[in-house]
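# Structure at a glance
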Amino acid sequence: MNDRADRRPRADGPGASPRPPAQALFRRLVVINGLVFAAGTLVLAVSPATVSAPVVWAEVPVLLVGLAVMLAANALLLRRSLAPLDALTALMQRVDLLRTGDRLPGGGNRDLAHLIDTFNAMLDRLEAERSASSAHALAAQEGERQRIARELHDEVGQSLTVVLLGLKRVVDRAPADLREELHGVQETVRASLDEVRQVARRLRPGVLEDLGLHAALSALASDVARSSGVQVTRSLQHDLPDLGADVELVLYRIAQESLTNIARHARARHAELSLAAEDGRLVLRVADDGEGGARQDGAGIRGMRERALLIGARLSIDSPPGRGTRVSLVIPDLPDLRDLPGLPDLPDLANRSTSP
């Protein structure tokens, strides 16, 4: 019982916590109504108007006008006083943890400022927790991708290579009437080996770690163009500053997901991939001339948004029907990319691995 009493907010000292929102709002309404009634009483007291007992009909219009003025003044004051609640309700309806930064200013209304500040603090806490959980989930996902890629390369790839070598020896010693059929089997195994290697490269972009972001994006565009038939135009700035492994991996994964969506769903003939520094910002753009009309965020787009949050970037997707889709990732403050909000808690995604 005493603990509950100790935790109650107090408002009787300079350093005390603010009054509860319900109590503050109740006090504001009482004060507004009291001031309106006091003003009406004062006007009635100093004015020459009188009220007879019983009331005569000539005095009724005066009373009605006075009542209407008091009600109008009361309604105006209450409306202006409670206006922040409408803005707060609108913010509650549109809030999305994948689109951060939407806050309501708390100034201008002392009694409701505490409520607004508390809601903004709740959004900050939820966004921080969402960012941390996303970082751990994406780190685990990258680790699992690397483990599967290693197993595909080291086990499945080596096994298929052994099969190819064995088939080559068999083809050299086989009768002439069987060589054509064995050559067909050999080509099938070689194609399977190429597919395994391609899957491993998609799971773990080794070229990103070895040659950097520019070479990795160029290789990605070439692979998508070769496998899907979509012509991909590249415009990649060479003289970018050191972005760090985490930022480079996020940029690569978002470009990979965007180009994969174009190849699978857009029915496009041409796509554009660009990465450049513009006005102190780093901007990644992926656009196509396909059908467009993407209305809902699927798992892939939500994953892109979560990755963008990790490095403090803002992802926008414009997809008008019949006019293609345009994906833009903007990273602010290009000279300070290593100090972006999401980086200190972001695991080392590029080099992280998990045991089988």
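As the structure is a computational prediction, the values presented were derived from the model and not from experiment.

Attention shifts here to the overall build of the protein chain. Counting its secondary structure elements, the protein chain contains nine helices and five strands. In the protein chain, the order of α-helices and β-strands from amino to carboxyl end is α-α-α-α-α-α-α-β-α-β-β-α-β-β. Counting the 356 residues in the protein chain, one finds 32% classified as buried. Summarising the internal contacts of the protein chain: among those between residues at least 6 apart in sequence, 70% fall at separations of at least 24.

With that settled, consider helix H9 (residues 299-310). Taking 1.5 Å per residue, twelve residues should reach 16 Å; H9 reaches 17 Å between its end C-alpha atoms and fits that length. The element H9 is largely enclosed, with a buried count of nine among its twelve residues. Turning to H9, its buried residues number three or more, namely Ile301, Gly303, Met304, Arg305, Glu306, Arg307, Ala308, Leu309 and Leu310. One or two residues past the end of H9 sits Gly312, with phi positive at roughly 70 degrees.

When two helices pack together, their arrangement is given by the angle between their axes and by how far apart the axes lie. With their axes 10 Å apart at the nearest point, helix H7 (residues 213-228) and helix H8 (residues 245-266) run at an angle of 10 degrees to one another. Overall, the two elements H7 and H8 adopt an arrangement that is roughly parallel. Crossing hand, H7 versus H8: right-handed. Here H7 contributes Leu213, Ala216, Leu217, Leu220, Ala221, Val224 and Ser228 to the contact with H8, which in turn contributes Glu248, Leu251, Tyr252, Ala255, Gln256, Leu259 and Ala263.

Our next topic: the pattern of salt bridges. Taken as a whole and assessed by the stated rule, the structure comprises five salt bridges. Linking Glu187 and Arg190 is a salt bridge whose minimum nitrogen-to-oxygen distance equals 2.8 Å. Of the two residues, Glu187 and Arg190 both sit in helix H5 (residues 176-203), three residues apart, roughly one turn of that helix. We classify Glu187 as partly exposed; its relative accessible area is 45%. Residue class for Arg190 comes out partly exposed when judged on its relative accessible area of 32%. For Arg226, the salt bridge is made with Asp223, and the minimal N-O distance between the two is 2.5 Å. Residue Arg226 and its partner Asp223 are located together in helix H7, separated by three residues, close to a single helical turn. Given a relative accessible area of 58%, Arg226 falls into the exposed group.

Chain-level pLDDT for the protein chain is 75 on average; 78% of the residues reach the 70-or-more range. At the low end of the mean pLDDT range in the protein chain sits helix H1 (residues 2-7), at 44; at the high end sits strand E3 (residues 281-288), at 92. When the criterion is pLDDT under 50, residues 1-16 qualifies, and its contacts beyond four places in sequence or with other chains add up to nine contacts.

Here we come to the nonpolar core. The biggest cluster of nonpolar side chains holds 36 residues, and the ones touching the most others in it are Leu251 and Leu273. Sorting the residues of this core by element identifies H7, strand E1 (231-236), H8, strand E2 (270-278), E3, H9 and strand E5 (326-331) as the ones contributing at least two each. What Leu251 contacts, discounting residues up to four positions off in sequence, is Leu213, Leu243, Leu282, Leu284, Leu329 and Ile331. With nine residues, the next largest nonpolar core counts Leu152, Leu160, Leu167 and Val196 among its residues.

About the criteria used
- Residues numbered from 1 in each chain as written.
- Predicted model: local features only at pLDDT ≥ 70, side-chain atom pairs only at ≥ 80, totals over all residues.
- Heavy atoms only, no water.
- Helix = DSSP H or I, 4+ residues; strand = E, 2+ residues; numbered from the N terminus.
- Buried < 20%, exposed > 50% of the residue type's maximum accessible area, 1.4 Å probe, protein only.
- Contact = heavy atoms within 4.5 Å.
- Expected span 1.5 Å × (residues − 1).
- Axes fitted to C-alpha atoms, helices over the stretch in contact; angles between N-to-C directions.
- Parallel < 35°, antiparallel > 145°, perpendicular 65-115°, else oblique.
- Left-handed = near helix turned anticlockwise from the far one by under 90°.
- Salt bridge = Lys/Arg side-chain N within 4 Å of Asp/Glu carboxyl O.
- pLDDT = per-residue confidence, 0-100.
- Core = buried A, V, L, I, M, F, W, Y, C linked by side-chain atoms within 4.5 Å.

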